[in-house]
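Listed below, chain by chain, are the residues.
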Amino acid sequence: MRLTCPLCGPRDRREFHYLGAEEYLRRPAAEAASAAWDDYLHNRDNPAGETRDLWYHEAGCGQWLLVTRDTVSHDIRKVELVATLKGGAK
Amino acid sequence: MFGSGHYSGFRVIKEALTGHKGWRPAWRDPEPQKSYDFIIIGGGGHGLATAYYLAKQFNQSRIAVLEKGYLGGGNVGRNTTIIRSNYLLDGNEPFYEFSLKLWEGLEQDFNFNAMVSQRGILNLYHTDAQRDAYTRRGNAMILHGADADLLDRDQVRAMYPFLNFDNARFPIKGGLAQRRGGTVRHDAVAWGYARGADQRGVDLIQNCEVTGIRTENGRVTGVDTSRGFIGAKKVGVAVAGNSSRVMAHVGMRLPIESHVLQAFVSEGLKPLIDGVITYGAGHFYVSQSDKGGLVFGGDIDGYNSYAQRGNMPVVEDVAEGGMSLMPMIGRARLLRSWGGIMDMSMDGSPIIDRTDIDGLYFNGGWCYGGFKATPASGWCFAHLLATDKPHETATAYRFDRFRKGLMIDEKGQGAQPNLH
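Residues numbered from 1 in each chain as written. Chains lettered and ligands numbered in written order. Predicted model: local features only at pLDDT ≥ 70, side-chain atom pairs only at ≥ 80, totals over all residues.

(A) Quick look at the overall build of chain B. Within chain B, the regular secondary structure consists of 9 helices and 18 strands. C-alpha extents for chain B along the principal axes are approximately 65 × 65 × 40 Å. Per-residue burial for chain B yields a buried fraction of 51% across its 420 residues. Sequence separation of at least 24 residues holds for 74% of the intrachain contacts in chain B that already meet a minimum separation of 6. (Helix = DSSP H or I, 4+ residues; strand = E, 2+ residues; numbered from the N terminus. Buried ≥ 20, exposed ≤ 12 C-beta atoms within 10 Å, placed from the backbone. Contact = placed C-beta atoms within 7 Å.)

Listed below in C-alpha cells is the structure:
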C-alpha cells in the first residue's frame with residue numbers, strides 16, 4: 001500500500017504511522033461532560049467501506065495527513081494535510 | 001437426540017462392517033421458525049459454543065444460530081489454533097484458565113474429536129527484566145490455579161536445541177512454559193459445538209445474514225434477515241471482526257476497531273517443533289501442525305481494515321522475527337498466508353455484556369485471542385443470556401470499564417487498538 005503525501009509524493013506504507021479515526025481532530029472542550037470524553041477516547045464508527053483517518057508521515061515530512069480510503073478494498077481516495085484543513089490542528 | 005448419533009470407536013467398527021450406511025449428516029439444515037426464545041447472531045466458534053452451553057448447561061430451548069455464510073467460516077477457521085492461559089491480570093487470568101479447563105474436557109463433553117493437544121507453550125525471554133516480568137506473570141498464573149514453569153537457558157536448549165541462543169542482541173536466557181497449553185484442530189471445534197447444539201435441538205441456520213435488529217420500547221423483538229423477519233425474546237451478538245457493523249443496526253458505536261491479522265504456513269516438514277514457541281524480542285510465534293507445516297504469525301497490520309488479506313511490511317516483519325529466532329526457518333518455503341479480521345478493543349481485552357437495549361447482549365472485542373477463549377466465551381455468554389448475570393470469571397468484561405477507567409490492559413498501551 002502506498003500513500004501519496006501532498007508534500008512528498010507517493011511513498012511506501014512503511015514511512016507512515018497510523019493513529020486512528022478522523023474524530024481525533026474533534027476533541028471535546030476541556031470542561032465537556034465525561035460522557036463526551038468517553039465517546040471521544042473510546043468509541044469508533046469503524047465502518048466497512050469509506051473511512052477517514054489520521055496518518056503521520058514519520059519517515060518523511062513529519063506532517064499529519066487525513067487519508068480518505070476504503071477499509072474493504074484498501075483503495076486510497078484522497079490524502080490531505082491536516083495543517084491546511086479548516087479548523088485542523090496546526 | 002436428533003441426527004447423527006453418538007460417535008465412538010465401537011461405532012466406527014460397526015459402520016465399517018455394515019458398509020458405512022449408518023452415517024448421517026452431523027447437523028440438520030432447518031428452515032427458520034417464526035420466532036425463538038434465543039437468537040445467536042454468528043455461527044462461528046463463540047456463537048456455536050454459546051448455543052451449545054445454553055442448551056446443555058443452562059437447559060434452555062427454542063434457540064437458533066444465524067450465520068451469514070457457512071458454519072465456522074470466519075475466524076474460527078482462520079486462526080493459528082493455540083490454547084493457553086498465561087495472562088497476568090486479575091480480570092483475564094481466571095477467565096482464560098476456566099477456558100483451558102473446558103478445553104481439557106471438551107472432546108468427551110461434546111463427543112467430537114477436536115484433536116486437543118496439550119503440547120505446551122514456551123514464551124522466551126532475552127533479558128533480566130523480561131525474566132522478572134515472566135516470573136511475575138508465572139506467579140499470577142499459579143495463584144489463579146494455572147500451571148507455569150520458569151525455565152533457564154539450559155532447559156530451553158534441551159527442548160529446542162536449534163534456536164538461536166547466542167544472537168548478539170537478543171540471546172535466549174530462558175522461557176516461561178505453560179505445559180497445559182497447546183493446539184487444537186480449529187475447524188473441529190466449530191463442528192463439534194455445531195453438532196452438539198444441533199443434537200440438543202438448536203436450529204443452525206446458514207446463509208442467513210442479519211440485516212437489522214428490531215426493537216420496541218427499548219426492548220429487542222427480533223431480527224430482519226436475508227430470509228425474512230425472525231422474532232426473538234433475547235438476541236446475542238457473537239460476530240467478532242464484524243461487531244461494529246452488526247451493532248450499527250441499533251446505532252451503537254463500540255470501543256472497537258477492525259484490524260487484519262495475518263498468519264502463515266510453510267510446506268510440510270518432518271517433526272521439528274513439538275510445542276508452541278513465542279519469541280520475546282520480536283512479534284513472532286510458531287508451532288508445527290500435525291500435517292508437518294510450520295504455522296506462524298506475528299503482529300496485526302496496524303491500521304483499520306476489513307480486507308481479509310494483509311500487506312507486505314508485516315510479512316517481512318514476521319519473516320525477520322522467524323529468521324532471528326530460528327535461522328533454519330529460512331530453508332523452508334512458505335506455502336500460504338491469509339488474513340483474518342480482528343475486533344481490536346481499546347484495551348486489548350474482550351467484552352461480554354448486556355447493552356442498553358433490553359434483551360440485546362454483546363460478545364466481542366476478542367482482539368487476536370479469541371480462539372483459546374472459545375469454550376469459556378460460549379459458557380459465559382450463555383450464562384449471561386440465561387441468567388442476566390455475568391459469569392464469575394467474566395465480571396470485568398463490561399462496556400462501562402472504559403468510562404470508569406477500569407481497563408484490562410495486559411500490555412499497558414492505553415486506548416490505542418493498533419498497539420495491543
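(B) Molecular detail of the overall build of chain A. Looking only at helices and strands, one finds 1 helix and 6 strands in chain A. Starting at the N terminus and walking to the C terminus, you meet the elements of chain A as β-β-β-α-β-β-β. If you line up chain A on its principal axes, its C-alpha atoms span 40 × 30 × 20 Å. Expressed as a percentage of its 90 residues, the buried residues of chain A come to 17%. Summarising the internal contacts of chain A: among those between residues at least 6 apart in sequence, 48% fall at separations of at least 24.

(C) Spotlight on the UniProt feature "domain: FAD dependent oxidoreductase" (unreviewed entry) in chain B. As recorded in UniProt, the feature "domain: FAD dependent oxidoreductase" (unreviewed entry) lies at residues 37-384 of chain B. For residues 37-384 of chain B, the helix share is 29%, the strand share is 31%, and the end-to-end C-alpha distance is 14 Å. (UniProt positions renumbered as here; feature names shortened; annotations may be inferred.)

(D) How the structure looks around the nonpolar core. Residues and elements named next belong to chain B. Judged by nonpolar contacts, the single largest core of 116 residues is most densely connected at Ile39, Ile41, Leu48, Ala51, Val65 and Ala197. The element that contributes the greatest number of residues to this core is helix H9 (residues 370-387), accounting for 9 residues. When we break this core down by domain, the ones giving at least three residues each are domain 1 (9-81 + 186-251 + 352-419) and domain 2 (111-182 + 257-345). If near-sequence neighbours (up to four positions away) are discounted, Ile41 is found in contact with Leu66, Val210, Val223, Val235, Gly236, Val237, Ala238, Val239 and Val246. (Core = buried A, V, L, I, M, F, W, Y, C linked by C-beta atoms within 7 Å. Domains from an automatic or database assignment.)

(E) A look at the domain arrangement of chain B. All names here are of chain B. Domain parsing of chain B yields domain 1 (9-81 + 186-251 + 352-419) and domain 2 (111-182 + 257-345). Using C-alpha coordinates to define each centre, domain 1 is positioned 28 Å away from domain 2. Across the boundary between the two partners, domain 1 contributes 21 residues, which contact 21 residues of domain 2. Among the elements that line the side of domain 1 that touches domain 2, the one with the most residues is helix H6 (residues 186-199), at 5 residues. The residue makeup of the side of domain 1 that touches domain 2, split by class, is 8 nonpolar, 11 polar and 2 charged. (Nonpolar A, V, L, I, M, F, W, Y, C, P; charged D, E, K, R; others polar.)

(F) Here's a closer look at the sheet that holds strand S5 (residues 64-70) of chain A. All names here are of chain A. Strands sit in the order S3-S4-S5-S6 across an open sheet of 4 strands; the sheet is antiparallel. Two strands lie at the open edges of the sheet, namely strand S3 (17-21) and strand S6 (76-81), each paired on one side alone. Neighbour-to-neighbour, the strand axes of the sheet open up by a mean angle of 30°, direction not taken into account. (Pairing = 2+ DSSP bridges. Axes fitted to C-alpha atoms, helices over the stretch in contact; angles between N-to-C directions.)

(G) Up close: the environment of Gln57 of chain B. Residue and element names in this part refer to chain B. With respect to the helices and strands, the residue Gln57 is situated in the loop between helix H2 (45-56) and strand S2 (63-66). Taking the C-alpha atoms as reference, Gln57 lies 8.2 Å from Trp379; in sequence the two are 322 residues apart. Among residues more than four places away in sequence, those in contact with Gln57 are Trp379 and Ala382.

(H) Layout of the interface of chain B and chain A. Contacts between the two partners involve 21 residues from chain B, matched on the other side by 19 residues from chain A. Among the elements of the structure, helix H7 (243-247), strand S12 (256-268) and strand S15 (293-304) of chain B are those that each provide at least two residues to the side of chain B that touches chain A. For the side of chain B that touches chain A, the per-class residue count stands at 10 nonpolar, 7 polar and 4 charged.

(I) Representation of unusual backbone geometry in the model. One non-glycine residue, Asn46 of chain A, adopts positive backbone phi at about 50°. Along the chain, Asn46 of chain A falls in the loop between helix H1 (34-42) and strand S4 (50-56).

(J) Highlighting helix H8 (residues 312-325) of chain B. Residue and element names in this part refer to chain B. Between its first and last C-alpha, H8 extends 20 Å over 14 residues, near the 20 Å set by a 1.5 Å rise per residue. Those residues of H8 not exposed but buried are Val314, Val318, Gly321, Gly322 and Leu325. Each buried residue of H8 sits inside an arc of 95° when the element is viewed along its axis, so together they form one side. Relative to its buried face, H8 has exposed residues pointing more than 90 degrees away, namely Met312 and Glu316. Buried positions along H8 lie against S12, strand S14 (285-288) and S15. (Expected span 1.5 Å × (residues − 1). Arc of directions from axis to C-beta.)

(K) The arrangement of the packing of helix H3 (residues 93-110) of chain B against H9 of chain B in detail. Residue and element names in this part refer to chain B. Axis separation between H3 and H9 bottoms out at 7 Å; the angle between their running directions is 100°. In terms of their interaxial angle, H3 and H9 are classed as roughly perpendicular. Note on element contacts: H9 touches H3 through Lys372, Ala373, Pro375, Ala376 and Trp379, opposite Phe95, Tyr96, Phe98, Ser99, Leu102, Trp103 and Leu106. Among the residues forming the contact of H3 with H9, the class breakdown is 10 nonpolar, 1 polar and 1 charged. (Parallel < 35°, antiparallel > 145°, perpendicular 65-115°, else oblique.)

(L) The pairing of strand S10 (residues 219-225) of chain B, seen in detail. Residues and elements named next belong to chain B. Two elements, strand S9 (residues 210-216) and S10, share 6 bridges in a ladder whose sense is antiparallel. When the bridges of S10 are listed, Glu216 appears paired with Arg219. Following S9, the chain reverses through 2 residues before pairing antiparallel with S10; Asn217 in that reversal takes a positive phi of roughly 50°. The sheet contact formed by S10 and strand S11 (residues 228-237) spans 4 bridges and is antiparallel. Bridging from a neighbouring strand, Asp224 pairs with Phe229 of S11.

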